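# Report on the structure
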Amino acid sequence: AGKTEIAKHYITLHQKKYDQVAWIRADEPWFIEKGMKEFAGKVGIEAKQITQWLYKHKSWLIIFDGAQNDKFFELLHLEPNSIKGKGHILLTSRQ
């Protein structure tokens, strides 16, 4: 199975563990920005507040599908260690 299919299978098995789940296309920076704005709207906040929301909440999953940039977390303005124990990020890559 491909990486995207494995991610879909993970969601099928574990979706009940998460209060919020977002699937974001990540092969271009503008897709990431668009997806994060949509996720912010889903949780009822403005896009500029999404990073704070991730830090404050638990039980969320964001799947970034098809990431191609090795500076991925810089694009998100997110420090992976700072969200440890909060939620989960599942990242698929074509590399």
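As a starting point, this report considers the structure included with it. (Residues numbered from 1 in each chain as written. Predicted model: local features only at pLDDT ≥ 70, side-chain atom pairs only at ≥ 80, totals over all residues. Heavy atoms only, no water.)

## Regarding unusual backbone geometry
The condition is simple: Put simply, DSSP H or I for four residues or longer makes a helix, DSSP E for two residues or longer makes a strand, and each gets a number counted from the N terminus. Whether a residue is buried, partly exposed or exposed follows from its accessible area with a 1.4 Å probe, protein chains only, as a fraction of its type maximum: under 20%, in between, or over 50%, in that order.
The phi dihedral of Ser59 falls on the positive side, at around 65 degrees, and the residue is not glycine. Here Ser59 lies in the loop between α3 (50–56) and β2 (60–67). By relative accessible area, which is 27% here, Ser59 ends up partly exposed.

## Observations concerning the nonpolar core
So the rule is basically this: Among buried residues, those of type Ala, Val, Leu, Ile, Met, Phe, Trp, Tyr and Cys that are joined through side-chain atoms within 4.5 Å constitute a nonpolar core.
By size, the foremost hydrophobic cluster in this structure holds 15 residues, and its most contacted members are Met36, Phe39, Ile50, Trp53, Leu54, Ile62 and Phe64. Of all the elements in the fold, those that place two or more residues in this core are β1 (20–25), α2 (29–42), α3 and β2. Judged by nonpolar contacts, the second largest core, of 7 residues, contains Ala7, Ile11, Val21 and Ile63.

## Here's the deal with the packing of aromatic side chains
Here is the rule: Only Phe, Tyr and Trp rings take part, Trp by its six-membered ring, and two of them pair if their centres are within 6.5 Å. Stacked means planes under 30 degrees apart, edge-to-face means over 60, and tilted covers everything else.
Scanning the entire structure with this criterion turns up 2 aromatic pairs. A centroid spacing of 5.6 Å and a plane angle of 90 degrees characterise the contact between Phe39 and Trp53, whose relative ring orientation is edge-to-face. Residue Phe39 is found in helix α2, and its partner Trp53 is found in helix α3; the two are separated by 14 residues along the sequence. Each member of the pair Phe39 and Trp53 is classed as buried.

## Considering the pattern of salt bridges
Which entries qualify depends on this criterion: Any carboxyl oxygen of Asp or Glu that lies within 4 Å of a side-chain nitrogen of Lys or Arg is treated as forming a salt bridge with it.
Taken as a whole, this structure holds 5 salt bridges when the rule is applied. A salt bridge links Arg25 to Asp27; the nearest nitrogen and oxygen atoms lie 2.8 Å apart. Exposure remark for Arg25: the relative accessible area of 46% places this residue in the partly exposed category. Among the ionic pairs, Lys48 bridges to Glu46, the shortest N-O distance being 3.8 Å.

## Focus on the environment of Lys42
What counts is decided by this rule: Here, two residues are considered to be in contact whenever any of their heavy atoms come within 4.5 Å of each other. For the purposes of these results, a polar contact is taken to be a pair of N or O atoms within 3.5 Å, where, inside protein, one atom must be able to donate a hydrogen and its partner to accept one; residues adjacent in sequence count only when each atom of the pair is a side-chain atom.
Residue placement: Lys42 occurs in helix α2. Apart from the residues lying within four places of it in its own chain, the contact partners of Lys42 are Gln20 and Val21. In this structure the side chain of Lys42 is engaged in a polar contact, spanning 2.5 Å, whose partner is the backbone oxygen of Val21.

## Focus on the sheet that holds β2
Threshold: Strand pairing is assigned whenever DSSP detects at least two bridges linking the two strands. Orientation is described by axes fitted as lines to C-alpha atoms, over the contacting stretch for helices, and by angles from 0 to 180 degrees between their N-to-C directions.
Strand order in this open sheet of 3 strands is β1-β2-β3, and the pairing throughout is parallel. Of all the strands in the sheet, just β1 and β3 (88–93) have a single pairing partner and so form its edges. In this sheet, neighbouring strand axes are inclined to one another by 10 degrees on average, regardless of whether the strands run parallel or antiparallel. Sheet topology note: the β1/β2 ladder contains 6 bridges and is parallel. Across the sheet, the residue bridging to Ile24 is Phe64, located in β2.

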